[in-house]
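One letter stands for each residue in the lines below.
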Amino acid sequence: MNDVYAPRGLARILETAGCWLLAILWIAPLAYAVWTAFHPPEFSTRFALFAPLTLSNFVRAWDAAPFGRYFLNTFVLVTLILACQLVLCTLAAYAFARYEFPGQGLVFALVLAQLMIMPDVLIVENYRTMSRIGILDSIPAIGLPYMASAFGIFLLRQTFKTVPRELDDAARVEGATPLQVLWRVYVPLGRPVYVAYGLVSVSYHWNNFLWPLIVTNSVEARPLTVGLQVFSSTDQGVDWSIICAATLLTAAPLLVGFLLFQRQFVQSFMRAGIK
């Protein structure tokens, strides 16, 4: 059936060429960063096949900023946000998928409206809220505006709606409470979707820059993305070797995580009905 719609002849050649072009455009910055990070600074603007390899750029980058503290802050931040999102999104998605209550459609529409509002639009109000609470310049201040996700609710709702109701009935016959049904039936069946959503959430908040930059002022609360700006504000000029090394240090955990879970990432969105 798929062969009927498969491109043929010139269309197939153009499609293949377009895919290769997009792949090259995507991989080129990463290839440059890897080349520059593992070679001396004089080879950052020219390619030499037998240029010497070095790890000194990583050592200098690590010594130039408190990367250990930045990694810890970022890990605590993304873990805190993901844990809160999983709890809130799971409960909300279960309610929207399996319960009927007055105004359900309107409430769900309001939840989805969050997807159409850019987080940057709410920066001023979020900053005022954090200031009134008294938690500015802290990790909770960075994560609090993101602890509920409309995308996560929608994704898990679509997944839970595919679970047969007979499983609910069987669990209730055995005496399970609604929370036990959720924990023992729905959560295990949605595990691939949880993995995919976890990757999306962690990657977004790992790379988030603007809001952490505004709400933090000290090393004790800054994540990696904000800490990287120290390498672009030198009086002696920009050292691309150190910048690329620091960037690879920052991006390495995300690249490894995506490579390990890329199959679950793709399959989960297909199961959730997102094509």
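Structure's up top.
Residues numbered from 1 in each chain as written. Predicted model: local features only at pLDDT ≥ 70, side-chain atom pairs only at ≥ 80, totals over all residues. Heavy atoms only, no water.

**Topic: helix α5 (residues 104-113)**
Short version of the rule: Partly exposed describes any residue whose relative accessible area lies between the buried limit of under 20% and the exposed limit of over 50%, with all areas from a 1.4 Å probe on protein chains only and scaled to the type maximum. Secondary structure elements follow DSSP: runs of H or I of four or more residues count as helices, runs of E of two or more count as strands, with numbering from the N terminus. By definition, the arc is the one covered by directions from the helix axis to the C-beta atoms. Contacts: residue pairs with any heavy atoms within 4.5 Å of one another.
All buried positions along α5 are accounted for by Gln-104, Phe-108 and Val-111. Along the axis of α5, the buried positions cluster into a sector of 55°, meaning they face one direction only. When the buried face of α5 is taken as reference, the exposed residues oriented beyond 90 degrees from it are Gly-105, Leu-106 and Leu-110. Structurally, α5 contributes buried residues whose contacts are with α4 (67-98) and α8 (150-160).

**Notes on the pattern of salt bridges**
Stated precisely, the cut-off is as follows: A pair is scored as a salt bridge if a Lys or Arg side-chain nitrogen falls within 4 Å of a carboxyl oxygen belonging to Asp or Glu.
Going through the model one piece at a time under the given rule, you end up with one salt bridge. The closest approach of N and O atoms between Glu-125 and Arg-128, which form a salt bridge, is 3.2 Å. On the criterion of helical spacing, the pair formed by Glu-125 and Arg-128 is a turn pair, its members being three residues apart in helix α6 (residues 123-133). With a relative accessible area of 45%, Arg-128 lands in the partly exposed category.

**Notes on a nonpolar patch on the surface**
Heads up, the condition is: Like charges within 9 Å and nonpolar side chains (Val, Leu, Ile, Met, Phe, Trp, Tyr) within 5 Å are joined into patches, using only residues over 30% in relative accessible area that form no salt bridge. Working definition of accessibility: Shrake-Rupley area with a 1.4 Å probe, residue cover restricted to the visible protein chains.
Nonpolar side chains collect at one region of the surface, where Val-34, Phe-38, Leu-53 and Leu-55 lie side by side and expose about 380 Å² of accessible area between them. Along the chain, the position of Leu-53 falls in the loop between α2 (10-37) and α3 (56-64).

**Thoughts on the nonpolar core**
Applied cut-off: For our purposes a nonpolar core is just a set of buried Ala, Val, Leu, Ile, Met, Phe, Trp, Tyr and Cys residues, chained together by side-chain atoms within 4.5 Å.
Core analysis: the biggest nonpolar cluster contains 25 residues, and Leu-156, Phe-160, Val-181 and Tyr-186 have the highest contact counts within it. Put simply, the parts of the chain that give this core at least two residues each are α4, α5, α8, α10 (178-189) and α11 (191-207). The element best represented in this core is α4, accounting for seven residues. Setting aside chain neighbours within four positions, we find Phe-160 in contact with Thr-90, Ala-93, Tyr-94, Ala-97, Arg-98, Leu-182, Tyr-186 and Tyr-194. By size, the runner-up hydrophobic cluster in this structure holds 18 residues, among which are Ala-33, Ala-37, Phe-58 and Ala-61.

**Description of the packing of aromatic side chains**
What counts, and what does not: What counts as a ring pair is set by centres within 6.5 Å for rings of Phe, Tyr and Trp (its six-membered ring), and what kind of pair is set by the plane angle: stacked under 30 degrees, edge-to-face over 60, tilted for all other angles. Charges are assigned to positions over rings by a cutoff of 6 Å between ring centre and Lys NZ or Arg CZ, combined with an angular limit of 35 degrees from the ring normal.
Scanning the entire structure with this criterion turns up 14 aromatic pairs. A ring pair is formed by Tyr-94 and Tyr-186, whose centres lie 5.1 Å apart and whose planes are at 65°; its orientation type is edge-to-face. Here Tyr-94, found in helix α4, pairs with Tyr-186, found in helix α10; they are 92 residues apart in sequence, far enough to count as distant. With relative accessibility at 4%, the residue Tyr-94 sits in the buried group. For Tyr-186, a relative accessible area of 0% puts it in the buried group. Through a chain of ring-to-ring contacts, the aromatic side chains of Trp-62, Phe-67, Tyr-70, Phe-71 and Trp-206 assemble into a single cluster. Arg-157 extends its terminal NZ or CZ atom over the ring of Phe-108, reaching a point 4.3 Å from the ring centre.

**A closer look at the packing of α8 against α11**
The test is simple: Geometry is summarised by axes, namely lines fitted to C-alpha atoms with helices restricted to the contacting stretch, and by angles between N-to-C directions that run from 0 to 180 degrees. Each angle gets one of four labels, with under 35 degrees taken as roughly parallel, over 145 as roughly antiparallel, 65 to 115 as roughly perpendicular, and the rest as oblique. A crossing counts as left-handed when the near helix is turned anticlockwise from the far one by less than a right angle, and as right-handed when that turn is clockwise. Under the convention adopted here, Pro, Cys and the residues Ala, Val, Leu, Ile, Met, Phe, Trp and Tyr are nonpolar, Asp, Glu, Lys and Arg are charged, and Gly plus all remaining residues are polar.
Relative orientation of the contacting elements α8 and α11 amounts to 165°, with a least axis distance of 11 Å. Considered as vectors, α8 and α11 are oriented roughly antiparallel to each other. Crossing handedness for the pair α8 and α11: right-handed. For the pair formed by α8 and α11, the contact residues are Phe-151, Gly-152, Leu-155, Leu-156, Thr-159 and Phe-160 on the first element and Val-193, Tyr-194, Tyr-197 and Val-200 on the second. Of the residues belonging to the contact of α8 with α11, the class tally is eight nonpolar, two polar and no charged.

**Overview of the packing of α4 against α10**
With their axes 12 Å apart at the nearest point, α4 and α10 run at an angle of 95° to one another. Relative to α10, the element α4 lies roughly perpendicular. Here Thr-90, Leu-91, Tyr-94 and Arg-98 of α4 lie close against α10, whose contacting residues are Pro-178, Leu-179, Val-181, Leu-182, Tyr-186 and Val-187. Split into classes, the residues belonging to the contact of α4 with α10 amount to eight nonpolar, one polar and one charged.

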